[in-house]
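Here's the letter readout for the chains.
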Amino acid sequence: MILTLVLIFMALLGVPLFVVIVTGALVGFYQADIDLMAVIIEFYRLAEMPVLLAIPLFSFAGYLLSESQAPRRLVAFTEAFLGWAPGGLAMVSILACALLTALTGASGVTIVALGALLYPAMAQAGYKENFNLGLITSAGSLGLLFAPALPLILYAVIAQQLNVGGRPFTLDDMFLAGVLPGLLMIGMLAIWSYWKNRHQARTRFSWDKAKAAVWQAKWELPLPFVILGGIYSGYFAISEAAAVTALYVLLVEVFILREIPLGKLPEITRESMILVGGILIILGVSLASTNVLIDGGVPDQIFAFISAHVTDKLTFLTLLIVFLLLLGAILDIFSALVLMVPLLLPIAIGYGIDPVHFGIIFLATMQLGYFTPPVGMNLFIASYRFNKPVMQLYQATVPFFFILLLSVLIITYWPALSLGLSGR
Amino acid sequence: MSSTRLQHALQRFEDGLLAFILLLMLSFASAQIVMRNLFSSGIVWSDPLLKILVLWTAMLGAMVATRQHHHINIDLLSKFLPHRFHALQQTLVHGLSGIICAVLAWQSLRFIALEWEEGTLAFAAIPAWIPELILPIGFISMSLRFLLYSLNLQRDRTI
């Protein structure tokens, strides 16, 4: 108990989370009279999970893309096809953000890379400032549910090595499960955008513009098909899809289009690998801490405690969402995954929730956490990027928060939406 | 060589190694796909090598994250803490991290000594302790950086 409080204090003080987690593991092993070397042996299991290869490769590809002119072409492309509709430019923002986030996984990157394009474009087209800010800030984390987003991969990795029962599942199940819930979120935001801007002046659809945009984007257009087609058809393993993507993006952006000078590559590598190192070291130490928790029977104790007070699944799910929203506001999605999935998944399974469905609920709710006041990360990134006070962003995101909250509730209470496609 | 120049050289080496490892990873992963599809074969040790490269990327990435103060943490307190407590908070945060990383460094050295004694092989004829060297290297480097930051000797600078 004292240890837990000390760890929470360390975390709130701002100690890197991997240090906090490994401190817990070290103390736990010490108390159980286990050689502390066990922490390193567990950590070394990072080198025994082939699927992790996908994480550095996809991150690298994502950073390369966001540093090139690809975001500009992505916006031009979607605009050519959707810009004519009322609220069209808003839909462009939603789709472009979702696509880029699925690829980069870290949504901070999306706001930085696309915000600079979308925000002025929407302002010029006459969208109200708060609608504009709110849309971009909340769309910045959209797309986490689509393959090959890193959080989906990470959830599958963590859940599989836990071995806690429930129906076994594969990474492909996760990828399939995210499709409809992700589309639901996009759809609900799109309807809202249309409704808010239905009286707006329209532009005409132009074939010439569409053709030009397709031509401009000709090198990037095959990417979604290669990645998604390869993964969803099962032709590529996820790490192979990642290698193909990274190699293709490197060739196109650096050697064919020459938008990224060779000399900038080390810097881009470094920036993307800082993210990867930060995530993987947390994953590594959590392999040790999870062991301590499970050996100590902590998930069982929590389950016993909760099931004494909460008897039905629906109440549990509601409490879960409230808890995850609070958590998401202070913790980034990667740390939340490695810390909370080992604790919560066994409990969820105890309530008869499918592990795949639980994963989708977890990620969808954490996605909202990105812009939950007071400290959701995207609020601060957007505030910094658009030079607006955080208070204004709190206000601007409110309607979007409730729309996406509604979609999270639908996703939670309608398991078939997540499980239907994989036939679970 | 002055200490600053040594630092720069080390940082350049770190960044370069990171880029090299990623390139190696990309080449081997791609080569494997080509071999599998065209020749239905593969390099036997390419799988274990790739897994080790992932570990190296993780450690090197974490080392650079330490250098640039980019580890994932909860950045809540510093937004509300009065300014005069910032120095104290930084000393505490980095000091604690430095000590814990030192413990990890020591344990990984013991781990390597054990693997060396037992003569475990990683792949081909390469002893396992060689690729595992990145563990103590990484934790020692992180520990030293954290401790130097905690002493506040290098204010506003990366080490």
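Scroll up a little and you will see the structure.
Given the structure is predicted, the values throughout are model-derived calculations rather than measurements.

So, how was this worked out
Residues numbered from 1 in each chain as written. Chains lettered and ligands numbered in written order. Predicted model: local features only at pLDDT ≥ 70, side-chain atom pairs only at ≥ 80, totals over all residues. Heavy atoms only, no water. Helix = DSSP H or I, 4+ residues; strand = E, 2+ residues; numbered from the N terminus. Expected span 1.5 Å × (residues − 1). Buried < 20%, exposed > 50% of the residue type's maximum accessible area, 1.4 Å probe, protein only. Contact = heavy atoms within 4.5 Å. Buried area = accessible area lost by both parts, 1.4 Å probe. Salt bridge = Lys/Arg side-chain N within 4 Å of Asp/Glu carboxyl O. Polar contact = N/O pair within 3.5 Å; in protein donor to acceptor, adjacent residues only side chain to side chain. Nonpolar A, V, L, I, M, F, W, Y, C, P; charged D, E, K, R; others polar. Core = buried A, V, L, I, M, F, W, Y, C linked by side-chain atoms within 4.5 Å.

### A short note on helix α4 (residues 54–67) of chain A
So, point 1. Compared with an ideal rise of 1.5 Å per residue, which puts 14 residues at 20 Å, α4 of chain A spans 20 Å between its outermost C-alpha atoms and is within 8% of the ideal.
So, point 2. Taking burial as the measure, the 14 residues of α4 of chain A include 13 buried ones, the bulk of the element.

### Side note on the interface of chain B and chain A
So, point 1. Each partner contributes to the interface: chain B provides 53 residues, whereas chain A provides 56 residues.
So, point 2. For the pairing of chain B and chain A, the buried interface totals around 4900 Å² over both sides, and the portion due to carbon and sulfur atoms is 81%.
So, point 3. Contact with chain A buries area across many residues of chain B, yet L26, I72 and I74 of chain B alone supply 15% of it, more than any other trio.
So, point 4. Along the contact surface separating chain B from chain A lie 2 salt bridges.
So, point 5. With a closest N to O distance of 2.9 Å, R270 of chain A and D15 of chain B form a salt bridge.
So, point 6. Our count for the chain B to chain A interface comes out at 7 residue pairs in polar contact (both at pLDDT 80 or more).
So, point 7. Elements that contribute at least two residues to the side of chain B that touches chain A include exactly α1 (3–38), α2 (46–67), α3 (77–80), α4 (86–118) and α6 (134–150) of chain B.
So, point 8. A total of 14 residues in the side of chain B that touches chain A trace back to one element, the largest contributor, which is α4 of chain B.
So, point 9. Of the residues that constitute the side of chain B that touches chain A, the class distribution is 34 nonpolar, 12 polar and 7 charged.

### A word on the environment of L368 of chain A
Residue and element names in this part refer to chain A.
So, point 1. As for its position among the elements, L368 is in helix α18 (residues 355–369).
So, point 2. Between the alpha carbons of L368 and L326 there is a distance of 9.9 Å; along the sequence they are 42 residues apart.
So, point 3. Once you skip the residues sitting within four places of it in the chain, L368 turns out to touch L325, F401, L404, L405 and V408.

### Observations concerning the nonpolar core
So, point 1. Grouped together as the largest cluster of nonpolar side chains are 200 residues, with contacts concentrated most on F58 and F362 of chain A together with F139 and M142 of chain B.
So, point 2. Residue contacts for M142 of chain B: discarding those within four places in its chain leaves F18 and I281 of chain A together with M59, A62, M63, T66, H71 and C101 of chain B.

### Comments concerning the environment of I410 of chain A
Residues and elements named next belong to chain A.
So, point 1. Along the chain, I410 falls in helix α20 (residues 390–413).
So, point 2. Between the C-alpha atoms of I410 and L184, which are 226 residues apart in sequence, the distance is 9.0 Å.
So, point 3. Sequence-distant contacts of I410, that is, excluding residues within four places in its chain, are made with L184 and M188.

### Examining the pattern of salt bridges
All names here are of chain A.
So, point 1. The full count for this structure, using the stated rule, is 12 salt bridges over all chains.
So, point 2. A salt bridge links E42 to R45, with the shortest nitrogen-to-oxygen separation between them at 2.4 Å.
So, point 3. The class of R45 is partly exposed, set by a relative accessible area of 23%.

### Brief notes about unusual backbone geometry
All names here are of chain A.
So, point 1. Each neighbour pair has its own omega, and for A147 with P148 the value is 0°, a cis peptide bond.
So, point 2. Despite not being glycine, R258 has its phi angle at roughly 50°, a positive value.
So, point 3. Tracing the sequence through the fold places R258 in the loop between α13 (238–256) and α14 (265–295).
So, point 4. Classification of R258 by relative accessible area gives exposed; the value is 67%.

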